[in-house]
Amino acid sequence: METVQQAEDDAQYGAAPHLPRLRWTRILAISIFALALNFQWAALGTIILPSQVFKMVGDLDKGTALAFVLIPGAFVSLFSNPLFGWLSDRTRGRLAVWGRRRPYILLGTLASMFCLGWMATAPNVLTLAIAYALTQFVSNAAQAPFHALLPDIVPPEQRGLTSGVISLMLIFGNIGGVLVAGNLINSSLPLASYTQGLWLTYGLIIAVLLVFMLITLIFVRELPVQAHSAEAEQAATGTTRKPWYTLPAMRTLAASLVVALLAWGLITLWNTWRVAGLEISSNFEQVIIEIIITVGILRLFDFRPRRDPDFAWVLATRLIMMLGIYTIQSFLQYYMRDVVHAPHPEQQTTTFLIIVSLTSLLSAFAAGWISDYLGRKRVIYISGALMAVVGVVFVVTQSLQLVIAAGAIFGLGYGAYQSVDWALVADTLPSQKNHARDMGVWNVALSLSQVIAPVLGGPLLDSFARAGHPVLGYQVIFGMSIIYCIAGTITVRFIRGVKG
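Residues numbered from 1 in each chain as written. Predicted model: local features only at pLDDT ≥ 70, side-chain atom pairs only at ≥ 80, totals over all residues. Heavy atoms only, no water.

Chemist: Explain the overall build of the chain to me, and be specific about the residues and the numbers.
Modeler: Counting its secondary structure elements, the chain contains 19 helices and 0 strands. Among the 500 residues that make up the chain, the fraction classed as buried is 57%. For the chain, contacts bridging at least 24 residues in sequence account for 82% of all contacts bridging at least 6. Split by element, the accessible area of the chain, about 20600 Å² in all, is 68% carbon and sulfur. (Helix = DSSP H or I, 4+ residues; strand = E, 2+ residues; numbered from the N terminus. Buried < 20%, exposed > 50% of the residue type's maximum accessible area, 1.4 Å probe, protein only. Contact = heavy atoms within 4.5 Å. Areas by Shrake-Rupley, 256 points an atom, 1.4 Å probe, with all protein chains shown as cover.)

Chemist: Please set out the pattern of salt bridges residue by residue, giving values where relevant.
Modeler: Close approach of charged atoms allows side chains of opposite charge to pair. Following the criterion strictly, the structure yields 10 salt bridges and no others. Across the pair Asp152 and Arg101 runs a salt bridge, and its minimum N-O distance is 2.6 Å. Residue Asp152 is located in helix 7 (residues 149-153), and its partner Arg101 is located in the loop between helix 4 (62-89) and helix 5 (102-120); the two are separated by 51 residues in the primary sequence. When its relative accessible area of 0% is taken as the criterion, Arg101 is described as buried. (Salt bridge = Lys/Arg side-chain N within 4 Å of Asp/Glu carboxyl O.)

Chemist: Go over empty space enclosed by the protein, please, and point to the residues and values.
Modeler: Within the structure shown, the criterion is met by 2 cavities of 30 Å³ or more. Here the largest cavity is characterised by a volume of approximately 780 Å³. Taken together, 44 residues make up the lining of the largest cavity; nearest its centre are Asn38, Trp41, Tyr326, Gln329 and Gln450. Where the lining of the largest cavity is concerned, the elements lending two or more residues are helix 3 (33-57), helix 4, helix 6 (125-147), helix 8 (159-184), helix 13 (309-330), helix 15 (345-374), helix 17 (400-428) and helix 18 (435-466). When residues in the lining of the largest cavity are grouped by element, the largest group, 8 residues, is from helix 3. Counted by class, the lining of the largest cavity contains 26 nonpolar, 17 polar and 1 charged residues. Quantified by volume, the second largest cavity comes out at close to 40 Å³. (1 Å grid on protein atoms, 1.4 Å probe; cavity = no way out; pocket = protein on both sides within 12 Å on 5 of 7 lines; lining within 4 Å. Points joined across faces, edges and corners; volume = space filled by probe spheres on them. Nonpolar A, V, L, I, M, F, W, Y, C, P; charged D, E, K, R; others polar.)

Chemist: How would you explain the packing of aromatic side chains if you had to name every residue and give the values?
Modeler: Under the criterion given, the structure shown has 13 aromatic pairs. Each ring, one from Phe410 and one from Tyr414, has its centre 5.9 Å from the other, and the planes form 15°; the classification is stacked. Of this pair, Phe410 and Tyr414 both sit in helix 17, 4 residues apart, which is roughly one turn of that helix. Ring pairing ties together the aromatic residues Tyr335, Phe352, Phe394, Tyr474 and Phe478, which thus form one cluster. Residue placement shows Lys55 over the ring face of Tyr194; its charged tip is 5.4 Å from the ring centre. Residue placement shows Lys62 over the ring face of Tyr334; its charged tip is 5.2 Å from the ring centre. (Phe/Tyr/Trp six-rings, centres within 6.5 Å; stacked < 30°, edge-to-face > 60°. Lys NZ or Arg CZ within 6 Å of the ring centre and 35° of its normal.)

Chemist: Outline a nonpolar patch on the surface, listing residues and values.
Modeler: A grouping of Leu107, Leu110, Leu210, Val211, Leu214, Ile215, Ile218 and Phe219 is seen on the molecular surface, where their side chains present a nonpolar patch of about 710 Å² in accessible area. Among the secondary structure elements, those contributing two or more residues to the nonpolar patch are helix 5 and helix 9 (191-219). When residues of the nonpolar patch are assigned to their parent elements, the largest contribution, 6 residues, is made by helix 9. On the secondary structure map, Val211 appears in helix 9. (Patch = residues over 30% accessible without salt bridge, like charges linked within 9 Å, V, L, I, M, F, W, Y side chains within 5 Å.)

Set out below in structure tokens:
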């Protein structure tokens, strides 16, 4: 068995570390902060924000307004996650006394607590969108370094197991977040009562973040940061550390900006001249520009698909699968209101998500552990098929009972996918020295899916609602989620370096 001292010696001299096996308590300490993060985002994304937006703008414009709030925040996370990962990888000096990851987890969480308070008191959609974007930014300062703890500390033979434990924490966070928010928030109440429940919910989120952040900081032991100077490190390893503002980086930023401006100009001219009698919608324009900027961000942080094809396919798989998940999750509360006609949509959404979470518990831990022996890809094949089946149920039924039953199936697939997804990326990270940066690049797929799903789905729902066909709108977007899940299942077969 490898010793901790051997791992520390390897880290000191820049070699790929020989990581010791971890006890259960250490695995739990590494994983526990994931519960707090998912408690926050599950409550915000599925209950709080849709409810706040509905209370602010009413029924007919809720889809577009929700997209207006979600898109800037998701766009901010496109660059903030890899940025803070990159900074964490390069942390030295006094800030690194606690390690490369823990200072960011501490400062990012404290800043998140402040921003959540601002969101709770937002008086209108614009203020809410700004506060949410800032929350995404500072939260990613904690999330990207936290995600790097898995490849930093956990040996390869325990990554499936640890990924399963992290997935369990994510599910417990889901359950807690939606239970608290769904029971305390009710948009049908008078404004004063609604606001009281809203503020209480935000307060509980802040408390959960603080408590579990402290547990992770106290009980996780990082490998020591190299204490010698940058010059000594370069001499020992034969490498030269380049700052982010090198000429190639500046060229990448400039090229991305030029291409984005060019695309915006061409779309504007197209709409002005109405070529072929067609007009490109502002939502489609947003998606195009944000994809261009995302490509620039990925190149800036050394994402090279030809050099690292397995990592690139993991990224593509996550993007497509999360598109299917967020297309359902973003509009689930509105589906309960408009199609199922639930009298308390927040509570019925909570019930659905609890069912999803409970069945996820059955598959999450087992799938991560099994994937260590049978292979990651087989588990994803099964999980993608299960989630696609749920999309079919949403398309063909308006029965609350069937929708809740479908949640049980969705949970089995979702839990298995989340579990294996962490292990899959840990197996394919391209750099031993830049775990946090590469985990941040991996999370770009999650952020981009959060941009695209509401951009396409929100205005689409509103257009069908104004035309008097609201149910058809939901059938269309949930049909899109089926396609996403099937396509994401197919792409995983191209990951060659991971056992099938």
